[in-house]
Amino acid sequence: MFAKAFREAWRKEDQGSATRLREMVEVLRARDIVHGITPEKLRLILEDLGPTFVKLGQIMSMRPDFLPQEYCDELMKLQTEANPLPFSVIEKVIEQEYQRRWTRIFRSIDEEALGSASIAQVHCAVLLDGEKVVIKVQRPGVHDIMSKDIVLLKRAAGILKILGPAQDVVDFSMVLDELWAIAKQEMDFVMEANHIEEFRHANQDADFVSCPKVYRHLTTQHVLVMEYVDGIQIDDVAGLKAAGIDARRIGERLGENYVKQIVEDGYFHADPHPGNIWVRGGKIVWLDLGMMGRLSNKDRAAIRKAIFALAQHDVFEMKAAVLSLGVPQERIDHARLYQDIDALIAQYGDLDFRSLKMGILSRQIMNVLRSHHIAIAPGISMFCRGVMTIEGVMRLVCPEVSFVEILARSMELSFAKGFNWREEAGKAKREGYILLRKSLQLPEQISDILKMTLSGQTKVNLELTGADEPLARLNKMINKLIIALLSAALLLGSSTICTTQMTPKIMEIPFLGVLGYLAAIVLSARLLWSILRGH
């Protein structure tokens, strides 16, 4: 079955795709995928399939609503570095983009890559005016390779869904659609340049935060030129200390700025690992802004509501916040959802914001959403991954500082900042007037309802919440009654047929009557067996 499914896909592909498909089949076969898959096996398969799949795995690790948490944790271990391309290849890409020799733009380019990833690699360079820059160059053909791989993965989605106990959770087709949308953004360096400038504008008033300057006239879809950042990686605590920088203060500012990105801007760095956060001259410099997350006003309000509900142990408010964070994919069992949220809040009975881990709380809320088949927006999943990552960075840099405490303090300040007595009084006045008007209309509306009821025009839609088990039992009882009636009808009908001279006959008994008796016996036996077993 494994080989047959791939053979069908193979016939539909050209020779180039067939070669790539053969490589994928060999990797899957070598990892013995037909006997199930574990988190570690999935990670190893993605590493074996090459840089494109490593990138897909990295993005997939940000979706705990699609994959169980153990799979996400394992995929976060995927290596970010890829084997660098020869400088001759990089040189060719640069000259194709600029349509001229690179020596007419740059005085020099370091042949050794500063860093190499699945989509691009970075080289240091010097402009003709002597300014030091970095060039981010996209790997040639990565878009075509990645799109081809995703098409083949979609064809193989049925086989890749063989995930043992997790197969009822993962929808690879949906995951691949989202991964492709995110990857296309990262492969467009003009869009990354837009991200950098938007981020710079949003943080222009923060004198302790910056990001690299973009050279727009040298930036294309496949080449991005930025200023060179000579600083200290934020998790290099010893290096910060040697440079006379207070690691604790830097950690606090990092937390404050990330909270600002979430609460005020709704536009935040979606991959804030230590390699993307540097310190230069006492300032935090954010790098690699290719993947940015966005939160709508509704999302931010729901996050605020969830934190306040947790602090007040308000299950109803937390339930409302959880429902605001996603879109139900099927009918919700509100009673079970309430119980799950009550159990979640019970874990934080003696809440201490200093010890609370926002990343863990986000993961628990995501698990509740997933168990109730509530889909969430990519911005929320990026938020959860970003918070988990930033908390890990802060534990390395300033373990005594609580990120969630900064978050709670910021939310209280934002509430106080946005509160205006005059506006609130005006709002209350308007709402009171509307309420009065509706109250005056109430007797007329009640009269209309009574008239419709008496004339038989009223229709009531009733939904029984939490009544699945009684309804299932009633359904089984009705099924048993139907089987009993069918058995009785077959017996009576067959007995009637046996009194006739209908042909053909078996042992002087009409054949149709014999069939009726046999069917009645089978149904009766099944009914008795079901009753005896208590089903």
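Residues numbered from 1 in each chain as written. Predicted model: local features only at pLDDT ≥ 70, side-chain atom pairs only at ≥ 80, totals over all residues. Heavy atoms only, no water.

## A few points about the sheet that holds strand β5 (residues 209–210)
Operational definition: A pair of strands counts as paired when DSSP detects no fewer than two bridges linking them. Where helices and strands are cited, they refer to DSSP runs of H or I of at least four residues and of E of at least two residues respectively, numbered from the N terminus. Residues are treated as being in contact if the distance between any of their heavy atoms lies within 4.5 Å. A fitted line through C-alpha atoms represents every axis, and for helices the fit uses only the stretch in contact; the resulting angles, taken between N-to-C directions, go from 0 to 180 degrees.
If you trace the 4 strands from one edge of the open sheet to the other, you get β5-β10-β9-β7, paired in mixed fashion. Each edge of the sheet is formed by a strand with only one pairing partner; in this case those strands are β5 and β7 (232–233). For β7 and strand β9 (residues 277–280), the ladder comprises 2 bridges, and the chain directions are antiparallel. Considered in β9, the bridge of Q233 is made with W278. The sheet strands contacting helix α12 (residues 247–265) are β5, β9 and β10 (283–286), and the helix crosses β10 at an angle near 50°.

## What about the packing of helix α14 (residues 315–324) against helix α15 (residues 334–346)?
We apply this condition: Oblique is the label for every angle not falling under 35 degrees (roughly parallel), over 145 degrees (roughly antiparallel), or within 65 to 115 degrees (roughly perpendicular). Take the far helix as your reference; a near helix turned counterclockwise from it by less than a right angle gives a left-handed crossing, and one turned clockwise gives a right-handed crossing. Charged residues are taken to be Asp, Glu, Lys and Arg, nonpolar residues to be Ala, Val, Leu, Ile, Met, Phe, Trp, Tyr, Cys and Pro, and polar residues to be all remaining types, Gly included.
Closest axis-to-axis distance for the α14/α15 pair is 9 Å, and the angle between their directions is 110°. By the angle class used here, α14 and α15 are roughly perpendicular. With respect to the hand of their crossing, α14 and α15 are arranged in right-handed fashion. Packed against α14, whose contacting residues are V315, F316, M318, K319, V322 and L323, the element α15 presents H334, L337, Y338, I341, D342 and I345 at the interface. Tallied by class, the residues present in the contact of α14 with α15 amount to 9 nonpolar, 1 polar and 2 charged.

## Re the pairing of β9
The two faces of a sheet get side chains in turn, since along a regular strand they alternate between them. The condition is simple: A simple rule labels every residue: compare its accessible area, found with a 1.4 Å probe on the protein chains alone, to the largest value its type can have, and call it buried under 20%, exposed over 50%, or partly exposed in between.
Of the two faces of β9, only one is covered, namely that formed by I277 and V279; the face formed by W278 and R280 stays uncovered. What sits between β9 and β10 in their antiparallel hairpin is a turn of 2 residues, with G281 showing a positive phi close to 60°.

## Overview of the UniProt feature "transmembrane region" (unreviewed entry) in the protein
Rules: UniProt positions are given in the numbering used here, feature names are shortened, and annotations may be inferred rather than shown by experiment.
On the UniProt side, "transmembrane region" (unreviewed entry) is annotated at positions that read residues 481–503 and 509–529 here. The span residues 481–503 is 78% helical and 0% strand by assignment, and the distance between its end C-alpha atoms comes to 32 Å. Between the end C-alpha atoms of residues 509–529 the distance is 29 Å, and the span holds 90% helix and 10% strand.

## Some details on the pattern of salt bridges
Pairing of side chains with opposite charge becomes possible as their charged atoms draw close. We apply this condition: By definition, a salt bridge exists where a carboxyl oxygen of Asp or Glu is found within 4 Å of a side-chain nitrogen of Lys or Arg.
Taken as a whole and assessed by the stated rule, the structure comprises 16 salt bridges. Close ionic contact of E131 with K213 constitutes a salt bridge, the shortest N to O distance being 3.8 Å. Here the residue E131 occupies a position in the loop between β3 (120–127) and β4 (132–138), and K213 occupies one in the loop between β5 and β6 (223–227), the gap between them amounting to 82 residues. Accessibility expressed as a relative area gives 28% for E131, which makes it partly exposed. By relative accessible area, K213 is classed as partly exposed at 38%.

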